[in-house]
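The chain contents come next:
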Amino acid sequence: MSNQSPKTPGYIYGAKEVSKSPVSLEDLHLLEQTVTMTHEDFCYLRLAGEVLEDQIEEVINTWRGVIGKTPHLAHYFMTPSGGPDENYKARAKERFKQWILDVCRRPYDQDWLNYQHEIGLRHTHLKKNKTDEASAPPHIPLRYVIAGNRFVSGRKLPAK
Ligand code: HEM
């Protein structure tokens, strides 16, 4: 998978319709210091991108498995009639896959910052569902997104 994936519906990295993040590059550098990111860590991220390239599907399936088995999270991918919205799940999944590679490969510059903000908005009532014209619940509480970081970062993997 290359850096650019124009064929992924709704993936608009670097496009002019992506608004400017309220977090500045200076703020980002302070955050990097807060989580003790070093130059060496960025080198390992690049390496992770190479290693993960062929395993992206498994990575996302693991994370999706957690959501699918957890009713209060699966809820955010449901149609109004209560079943999973497979089209919505499939489209968001492709963008999530792209994000994993972007985290490893993209420079953390203004475009990167702006797109992380866009992704954040897509979890809130401001932009959730809009990209895929879905009718799922419109807002994911921030507490679940923060808590989800424990799995997404790989610090806690679900039991097989
Ligand atoms: C650290 C935690 C999380 C990360 C890093 C993350 C990351 C992402 C990414 C990269 C996308 C694709 C965004 C795009 O390009 O359109 C996405 C979409 C989505 N995520 Fe998450 N996510 C997290 C937590 C959660 C949680 C807890 C839920 C709850 C079920 C969730 C549900 C969704 C949904 C429903 C979408 C589709 C949003 C839309 O309507 O466009 N995410 N997420």
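Here the structure is shown first, and the text comes after it.
What you see is a predicted model; the values in this text were computed from it and never measured. (Residues numbered from 1 in each chain as written. Predicted model: local features only at pLDDT ≥ 70, side-chain atom pairs only at ≥ 80, totals over all residues.)

Q: Please provide a residue-by-residue account of the overall build of the protein, values included.
A: For the protein, the helix and strand inventory stands at seven helices and zero strands. Listing every helix and strand of the protein by position from the N terminus yields α-α-α-α-α-α-α. Its C-alpha atoms give the protein a radius of gyration of 16 Å, near enough to 15 Å, the size a compact globule of 160 residues would have. The buried share of the protein, reckoned over its 160 residues, is 6%. The contacts in the protein between residues at least 6 apart in sequence include a share of 71% that link residues at least 24 apart. (Helix = DSSP H or I, 4+ residues; strand = E, 2+ residues; numbered from the N terminus. Rg over C-alpha atoms; globule rule 2.2 N^0.38 Å. Buried ≥ 20, exposed ≤ 12 C-beta atoms within 10 Å, placed from the backbone. Contact = placed C-beta atoms within 7 Å.)

Q: Any chance you could break down the site of the ligand for me, citing the residues and the numbers?
A: In the region of the ligand, 24 residues are neighbours, and Ala 92, Arg 95, Trp 99, Arg 122 and Gly 148 sit closest. Contributions of two or more residues to the shell around the ligand are made by helix 5 (86-105) and helix 7 (142-152). Element by element, the count of residues in the shell around the ligand is highest for helix 7, at five residues. Tallied by class, the residues present in the shell around the ligand amount to 14 nonpolar, six polar and four charged. (Near = placed C-beta within 6 Å. Nonpolar A, V, L, I, M, F, W, Y, C, P; charged D, E, K, R; others polar.)

Q: Any details on the packing of helix 2 (residues 39-52) against helix 5? Residues and values, ideally.
A: At their nearest, the axes of helix 2 and helix 5 sit 7 Å apart, and the two run at 145 degrees to each other. Between helix 2, through Leu 45, Arg 46, Ala 48, Gly 49 and Leu 52, and helix 5, the contact on the second element is made entirely by Ile 100, Leu 101, Val 103, Cys 104 and Arg 105. When its residues are assigned to classes, the contact of helix 2 with helix 5 shows seven nonpolar, one polar and two charged. (Axes fitted to C-alpha atoms, helices over the stretch in contact; angles between N-to-C directions.)

Q: Quick rundown of the environment of Val 35? Include the residues and the values.
A: Along the chain, Val 35 falls in the loop between helix 1 (25-34) and helix 2. Residues Val 35 and Leu 52, 17 residues apart in the sequence, show an inter-C-alpha distance of 22 Å.

Q: Quick rundown of the environment of Asn 114? Include the residues and the values.
A: Counting through the fold element by element, Asn 114 comes out in helix 6 (residues 110-121). Looking at Asn 114, the number of C-beta atoms within 10 Å reads 17, which means it is partly exposed. Along the sequence, Asn 114 and Pro 22 sit 92 residues apart, while their C-alpha atoms lie 8.3 Å from each other. Excluding residues that lie within four positions of it along the chain, Asn 114 makes contacts with Val 18, Ser 19, Lys 20 and Ser 21.

Q: Residues and numbers for the packing of helix 3 (residues 56-68) against helix 5, please.
A: Packing of helix 3 against helix 5 brings their axes to within 10 Å, and their N-to-C directions diverge by 120 degrees. The way helix 3 lies across helix 5 gives a crossing that is right-handed. In contact with Ile 56, Val 59, Ile 60 and Arg 64 of helix 3, helix 5 contributes Lys 93, Phe 96, Lys 97, Ile 100 and Leu 101. In the contact of helix 3 with helix 5, the residues fall into six nonpolar, no polar and three charged. (Left-handed = near helix turned anticlockwise from the far one by under 90°.)

Q: Give a detailed account of unusual backbone geometry, specifying residues and quantitative values.
A: In this model, Asn 129 sits at a positive phi of 80 degrees, which is unusual for a non-glycine residue. Its place among the elements puts Asn 129 in the loop between helix 6 and helix 7. Backbone geometry at Glu 133 places phi at a positive 50 degrees, although glycine is not the residue there. Within the secondary structure, Glu 133 is located in the loop between helix 6 and helix 7.

Q: Can you break down helix 2 residue by residue, with the values?
A: Across its 14 residues, helix 2 extends 20 Å between first and last C-alpha, which sits within 8% of the 20 Å expected from 1.5 Å per residue. With zero of its 14 residues buried, helix 2 lies for the most part at the surface. (Expected span 1.5 Å × (residues − 1).)

Everything listed here is a matter of geometry and, on its own, says nothing about what the molecule does.
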